[in-house]
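Coordinate analysis (summary)
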Amino acid sequence: MKKLTSLVITHALLLSLLAPLAGAQQPRTSQAPPAQTTPRQTTPPPTQQPAPDDDGDDEVVRITTNLVQVDAVVVDKKGKQVTDLTADEFEIFEDNRERKITNFSYVLNETEPRPSSDTANASRKSGDKTIVPPPAPPRRLRPEQVRRTMALVVDDLGLSFESTAFVRESLRRFVNEQMQPNDLVAIIRTSAGVGALQQFTSDKRQLHAAIDRVKWYMGGRGGVSVFAPIEGGANQPLGGAETNEDRGVRGADAMAAELEDFREEIFAVGTLGALNFVVRGMRDLPGRKSVLLMSDGFALYTTDRGRGRSDRVLQALRQLTDLANRASVVVYSIDARGLIVPGFSAADDLSGLSAQQIEDNMRERSNMIFDTQSGLAYLSQQTGGFLIKNNNDITGGIRRVVEDQKGYYLLGYRPEGATFDRRYHRISVKVKRPGLKVRTRTGFFGIRDEETRPLRRTREQQLLAAITSPFASPEVRLRLTTYFGNTAGGGSFMRSMLHLDAKDVKFSQEPDGKYKAVLDVVAVTFGDNGRIIESLDRVHTLTLPENLYRRVLRDGITYNMNVPVKKAGAYQLRMAVRDAATERTGSASQFIEVPDLKKNRLALSGLIVMGADEATAKVGAKTGATDTTAAATAASPSSATEGNVGAASSGVNATAAEVDEADALSGPAVRRFRQNAGLALGYAIYNARLDKATGRPQLTTQTRIYRDGKLVFGGKEQPVDVQMPYSDLKRIGILAQLQLGTLLTPGEYVLQIIVTDTLRNDKHRVATQWIDFEVTK
């Protein structure tokens, strides 16, 4: 690995490096005809019904005609897992009838040793100005690399104001101290809506952005405190005969209580509906999954009907538990209220209340605690999890759940024909070794898994499945690159490049000799609240002459979009492509955090990585102009007609130059380099502090390269030499070159840039960005 060399260039010149790739620009060759864009099809073309995938390699719970398989966890009296049991030490029963165990195994979720501390922990504590080193970039997990899949569901529909603060701090500690590199995690709010499933990730930045959105939901069923304050006796009869006015007040109170019960039922069903949505999304993820629900609880009984059952809540619970069991999801619950004492508080007004009335209020609070915990307990027990209650240590509760994911037993038996009668069948598992306790799922409906899996027949169903999956679909290989930038005139923007491997697309030859393909492209941008900011749904028809068709097969197709950003925050772009001829789909996603530059904090743009020769040629051409800034301004997003995602143009980018495949794929959309190749890296530094004496910034940069989460190259810190005068010291452009050596063997890598502002002494003196690239032979 040779020494990194850096050059300070104007910010406008930096943006010009991507001029041919800007969404408002024309393709690089005039021979490439533009893609024809048509509205979304209302009638899908004939489709082939795919056969259900039944290889079962990643399945935990299976209910088929040949095998019923369930998972079980065994613990000792201290709650520690027992992992050395054999099949002979288990007994499994269906409807109280013992079945012979035909399949048995123990699955160990290997985890790396937990660090004693996390550098991000200090930086995330409010008010802490400790200067800490930047975190390492996250790993890009493939499905086979995932050890634990966890959805941490914050029931903000039911959390009180008090509980919300404790939950938020506990989530931060989990991400900083307990989350492992092979964990796929989502932090989801029950009020977040459709965007919830877009947040499964191993990227701690994205999780912290989700945690920052955990706030008290004023419209939910949770109040400011755990208990609603007791009102005084102003409306209580003081003695004597009851008057008409007293009867009216009592009737109004009864109606208000009934409406409150109905309201709580609706919110409880809303919580379970959100969980149902999460579990459905986890169904296709690999292995045994877990959902941790942090809530103030919900009642299975209603007070206005003599503590009768709530049919709405019970029905929603039954549907959720059956779905969770089939999806191999274990549900754990934490009562976020901690240790609850049903006493009085300063908010209670006991004036005018009799001793009996005070006692009734105390009893009502005790009943409320029991009722709301019963819903959490039922949900956990039915799916093989447990409830953590009466414990103020929420972080410790999360740790117990994480430790429970250490491993599990798989027990299977061959079912009888009568099993599949569409009725509910109870499952129980016993352990012969004394002193042990087993937890497993309580049962299933007699319906085969094949009948419950959705058949994605239509165009919309196939694209929805692709765009909501946290993993990239391998059928059509996509590579998505999105980065943040800012200009003085146009403000902040996001620029995206989607590269598609044309070898995965079926082209048909037309009578005129040209080659034709039809692609469905869907793009959705989610904001930090999980809701859709922008969306695109288009049908692109490509018609190419033979020479361009051959080049596209070699170099691929690149779609470009530019999105102006009006508000700082965390965003996620997800894109899916469907080949209409074969119905194969591909998907890709990227998280991007847009900083608030108005706060004058040090920040970096996204990283632009390309071949060194291409970058040198572009910079040389621009610097040869009489006015470098003016020559580059035309390529900046502030002057391009971008509008929004839906209006962004797209086309086929192909070079007319005779270049080989490696050179064509070394651009910023693909970033595939040969060993010993030269790599160019461009980025912008925003809000550098200036020395009062010299008026110049004092910045240093450092480059790191990681593979599979491990550091393989760490460069030395180098000063940034800004030659004065400089056109815009708020936006400093950097172009660096790095010669890849033979030490970087073929594989996938992550390049990280760390910039330090030595004139700052606060926690914002360090900024970092990273991007992935690939090395080939």
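Just above, that's the structure.
In what follows, the accompanying structure is described. The structure presented is a predicted model; accordingly, all values stated were derived computationally and were not measured.

With that out of the way, let us pick up the packing of helix H3 (residues 161-178) against helix H8 (residues 394-404). With their axes 9 Å apart at the nearest point, H3 and H8 run at an angle of 45° to one another. Relative to H8, the element H3 lies oblique. Read as a crossing pair, H3 and H8 show a hand that is right-handed. Counting all contacts with H3, which are made through Phe166, Val167, Ser170, Arg173, Phe174 and Gln178, the residues of H8 involved are Ile394, Thr395, Ile398, Arg399 and Val402. In the contact of H3 with H8, the residues fall into six nonpolar, three polar and two charged.

The next subject is helix H10 (residues 459-468). Three or more residues of H10 are buried, namely Arg459, Gln462, Leu463, Ala465, Ala466 and Ile467. Tucked into the core, H10 has its buried residues touching strand S22 (515-526), strand S23 (532-544), strand S25 (569-579) and strand S26 (585-594).

Further remarks concern the sheet that holds strand S16 (residues 424-431). Read across the open sheet, the four strands follow the order S6-S5-S16-S18; overall the sheet is antiparallel. Each end of this open sheet is capped by a strand with a single partner; those strands are strand S6 (97-99) and strand S18 (443-445). Between one strand axis and the next, the sheet turns by 30° as a mean value, whatever way the strands run. In the sheet, strand S5 (residues 90-94) pairs with S16 via five bridges, with the strands oriented antiparallel. The residue bridging Phe93 from the neighbouring strand is Ser428, located in S16.

Pairing in this open sheet of five strands is parallel, and the strands run S9-S8-S10-S13-S14 from one edge to the other. Lying at the two open borders of the sheet, with one neighbouring strand each, are strand S9 (183-189) and strand S14 (387-388). As defined by bridge partners, strand S8 (residues 148-154) adjoins S9 across seven bridges and the pair is classed as parallel. Counted as the bridge partner of Val153 is Ile188 from S9. With respect to the sheet, helix H7 (residues 355-382) is in contact with strand S10 (289-295), strand S13 (329-335) and S14, its orientation differing from that of S13 by roughly 155°.

With that settled, consider the nonpolar core. Ranked by internal contacts, the top residues of the largest apolar core, which has 31 residues, are Tyr683, Ile685 and Phe773. Elements that contribute at least two residues to this core include exactly strand S30 (678-686), strand S31 (699-707), strand S34 (731-739), strand S35 (747-757) and strand S36 (766-776). Here Phe773 is in contact with Arg479, Arg671, Phe673, Leu679, Ile705, Leu740, Gly747, Glu748, Tyr749, Val750 and Leu751, once residues within four sequence places are set aside. Counting residues in hydrophobic clusters, the runner-up holds 30 residues, among them Val278, Phe298, Ala316 and Ala377.

For the rest of this paragraph, the subject is the side chain of Gln405. Tracing the sequence through the fold places Gln405 in the loop between H8 and strand S15 (407-413). Looking at Gln405, the relative accessible area reads 2%, which means it is buried. In terms of polar contacts, Gln405 uses its side chain to reach the side chain of Tyr332, at 2.7 Å. In this structure Gln405 touches Gln81, Asn109, Arg148, Arg288, Ser290 and Tyr332, once residues within four positions along its chain are discounted.

On to the pattern of salt bridges. Here the structure, examined in full by the defined rule, presents 31 salt bridges. A salt bridge links Asp84 to Arg433; its shortest N-O distance comes to 3.2 Å. Of this pair, Asp84 sits in the loop between strand S4 (68-75) and S5 while Arg433 sits in the loop between S16 and strand S17 (437-440), and the two are 349 residues apart along the sequence. For Glu774, the salt bridge identified is with Arg672, shortest N-O distance 3.3 Å. On the criterion of sequence distance, the pair formed by Glu774 in strand S36 and Arg672 in strand S29 (residues 672-674) is long-range, its members being 102 residues apart. The structure contains a network of salt bridges with shared partners spanning Arg459, Glu460, Asp520, Asp537, Arg578 and Glu583.

A one-sided burial pattern is seen for S16, the buried positions being His425, Ile427, Val429 and Val431 and the unburied ones Tyr424, Arg426, Ser428 and Lys430. Direction of pairing for S16 relative to S18: antiparallel, over a ladder of three bridges. Note on S18: the bridge partner recorded for Tyr424 is Phe445.

With that out of the way, let us pick up the environment of Asn392. Considering the arrangement of structural elements, one finds Asn392 in the loop between S14 and H8. Classification of Asn392 as exposed rests on a relative accessible area of 57%. For the pair Asn392 and Asp335, spaced 57 residues apart in sequence, the C-alpha to C-alpha distance is 9.2 Å. Filtering out sequence-adjacent residues up to four positions away, Asn392 remains in contact with Arg337, Gly338 and Leu339. Separated by 2.8 Å, the side chain of Asn392 and the backbone nitrogen of Leu339 make a polar contact.

Once that is clear, we can look at the packing of H3 against helix H4 (residues 204-212). Packing of H3 against H4 leaves a shortest axis separation of 10 Å and a crossing angle of 175°. Here H3 is positioned roughly antiparallel relative to H4, judged by the angle of their axes. Residue-level inspection shows Arg168, Leu171, Arg172, Val175 and Asn176 of H3 in contact with H4, the latter providing Lys204, Leu207, His208, Ile211 and Asp212. By residue class, the composition of the contact of H3 with H4 is four nonpolar, two polar and four charged.

So, how was this worked out
Residues numbered from 1 in each chain as written. Predicted model: local features only at pLDDT ≥ 70, side-chain atom pairs only at ≥ 80, totals over all residues. Heavy atoms only, no water. Axes fitted to C-alpha atoms, helices over the stretch in contact; angles between N-to-C directions. Helix = DSSP H or I, 4+ residues; strand = E, 2+ residues; numbered from the N terminus. Parallel < 35°, antiparallel > 145°, perpendicular 65-115°, else oblique. Left-handed = near helix turned anticlockwise from the far one by under 90°. Contact = heavy atoms within 4.5 Å. Nonpolar A, V, L, I, M, F, W, Y, C, P; charged D, E, K, R; others polar. Buried < 20%, exposed > 50% of the residue type's maximum accessible area, 1.4 Å probe, protein only. Pairing = 2+ DSSP bridges. Core = buried A, V, L, I, M, F, W, Y, C linked by side-chain atoms within 4.5 Å. Polar contact = N/O pair within 3.5 Å; in protein donor to acceptor, adjacent residues only side chain to side chain. Salt bridge = Lys/Arg side-chain N within 4 Å of Asp/Glu carboxyl O.

Such coordinate-based values are descriptive only and should not be taken to indicate function.
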